[in-house]
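Structural features, examined
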Amino acid sequence: NEISSPWLFLLRAFFPSWRFFDAPGYQPRLFVRAQLTSTLWTEWVMFIPRASFKFADLFHNPINNLRMTEQTLIDHLSLDIQTLTNTGDVRTLVSYLLVEKVAYQFIQRHLSGAQINAYQFELRMLPGLENDPSDSTILVSPIIKGMSHVS
């Protein structure tokens, strides 16, 4: 039996979710590319939330926590897309707008100071532990000229 209550919903933040151990399978991953000139696009680059670890990181590690939060946001966008109705527009979802900003910040960090005219991102489902080399693209954003609507 499933127990549901508004108070139990709020308490779930204190308990980790072990759902990812149920069945390893396809995982949502963010890919980003940038337009450097009017015709030159970079290759697609995968966002992988990795950080270097030092002993002090055991006590204070905001950068790695931010990267893990960004990957959780990508997971939420994937779930939102799966539950979106046929008449819904993915670009109106809050998770989409936030992932758009994550993609922009990631490509800026990746290109470290290059002039970016536009960028685009994809959400792909990649196989987890299986030896399946295929991937499935579930979202391709339009070409985005700049970040003006999300702060």
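These numbers were taken from a predicted model, which means no experiment stands behind them. Along each chain, residue indices are assigned from 1 in the same order as the chain's sequence is written. For this predicted model, a pLDDT threshold of at least 70 governs which residues receive local features, and a threshold of 80 or more governs which side-chain atom pairs are given and counted, while totals over whole chains, interfaces and linings are taken from all residues. Values shown for side chains rest on all heavy atoms present in the structure; no hydrogens or waters enter the calculation.

**Quick notes on the sheet that holds strand E2 (residues 45–46)**
Strands pair in a sheet through their backbones, by hydrogen bonds, and they do so in one of two ways: parallel or antiparallel. Spatially, E2-E1-E3-E4 is the arrangement adopted by the four strands of the open sheet, whose pairing is antiparallel. Here the strands that pair on one side only, and so sit at the sheet edges, are E2 and strand E4 (136–140). Paired strands, as defined in this entry, are two strands with at least two bridges between them according to DSSP. Secondary structure counts use DSSP, requiring at least four H or I residues in a row for a helix and at least two E residues in a row for a strand, with both numbered from the N terminus. As paired elements, strand E1 (residues 27–35) and strand E3 (residues 118–126) share nine bridges and run antiparallel to each other. When the sheet's bridge partners are listed, Arg-33 is paired in E3 with Gln-120. The strands touched by helix H3 (residues 94–111) within the sheet are E1, E2, E3 and E4, with E1 carrying the most contacts at an inclination of about 60°. The contact criterion used throughout is that any non-hydrogen atoms of two residues lie within 4.5 Å. The axes used here are C-alpha line fits, helices contributing only the stretch in contact, and every angle between their N-to-C directions lies in the interval 0 to 180 degrees.

**Some points on the environment of Arg-109**
Turning to its location among the elements, Arg-109 is positioned in helix H3. Note on exposure labels: buried denotes an accessible area under 20% of the residue type's maximum, exposed denotes more than 50%, and partly exposed covers the range between, all computed with a 1.4 Å probe on protein chains only. The exposure class assigned to Arg-109 is partly exposed, which follows from its relative accessible area of 37%. Setting aside residues up to four positions removed in sequence, Arg-109 forms contacts with Phe-47, Arg-67 and Glu-70.

**A short note on H3**
An α-helix turns once per 3.6 residues; consequently, residues spaced three or four apart project the same way. Spanning 18 residues, H3 covers 26 Å between terminal C-alpha atoms, matching the ideal 26 Å at 1.5 Å per step. Ser-95, Tyr-96, Val-99, Glu-100, Val-102, Ala-103, Phe-106, Ile-107 and Leu-111 are the residues of H3 that are buried. Angularly, the buried residues of H3 cover 165° about the axis, an arc narrow enough to put them on a single face. Contacts made by the buried residues of H3 are with E1, E2, helix H2 (62–83), E3 and E4. Where H3 ends, the next residue or the one after it, Ser-112, has phi of about 35°, a positive value. Here, expected helix span is obtained from the residue count minus one, scaled by 1.5 Å. In this description, the arc belongs to the directions extending from the helix axis to the C-beta atoms.

**A closer look at the nonpolar core**
Taken as a class, soluble globular proteins show a tendency for nonpolar side chains to be buried jointly. Joining through side-chain atoms within 4.5 Å is the link that ties buried Ala, Val, Leu, Ile, Met, Phe, Trp, Tyr and Cys residues into a set, and such a set is a nonpolar core. Within the largest apolar cluster, 24 residues are counted, with the highest numbers of intra-cluster contacts made by Leu-30, Val-32, Leu-77, Phe-121 and Leu-139. Of all the secondary-structure elements, those providing two or more residues to this core are E1, H2, H3 and E3. In terms of residues, this core owes the most to one element, H3, which gives seven residues. Setting aside residues up to four positions removed in sequence, Leu-30 forms contacts with Val-45, Met-46, Phe-47, Ile-74, Val-99, Val-102, Ala-103, Phe-121, Glu-122 and Leu-123.

**Observations regarding the pattern of salt bridges**
One side-chain nitrogen of Lys or Arg within 4 Å of one carboxyl oxygen of Asp or Glu is enough to make a salt bridge. Under the criterion given, the structure shown has three salt bridges. Put simply, Arg-67 and Glu-70 hold a salt bridge, and the shortest N to O gap is 3.3 Å. Here Glu-70 and Arg-67 lie together in helix H2, a separation of three residues that amounts to about one turn. The class for Glu-70 is buried, based on a relative accessible area of 6%. Among the salt bridges present, the one from Asp-89 reaches Arg-91, with a minimum N-O distance of 3.4 Å. For Arg-91, a relative accessible area of 46% gives the class partly exposed.

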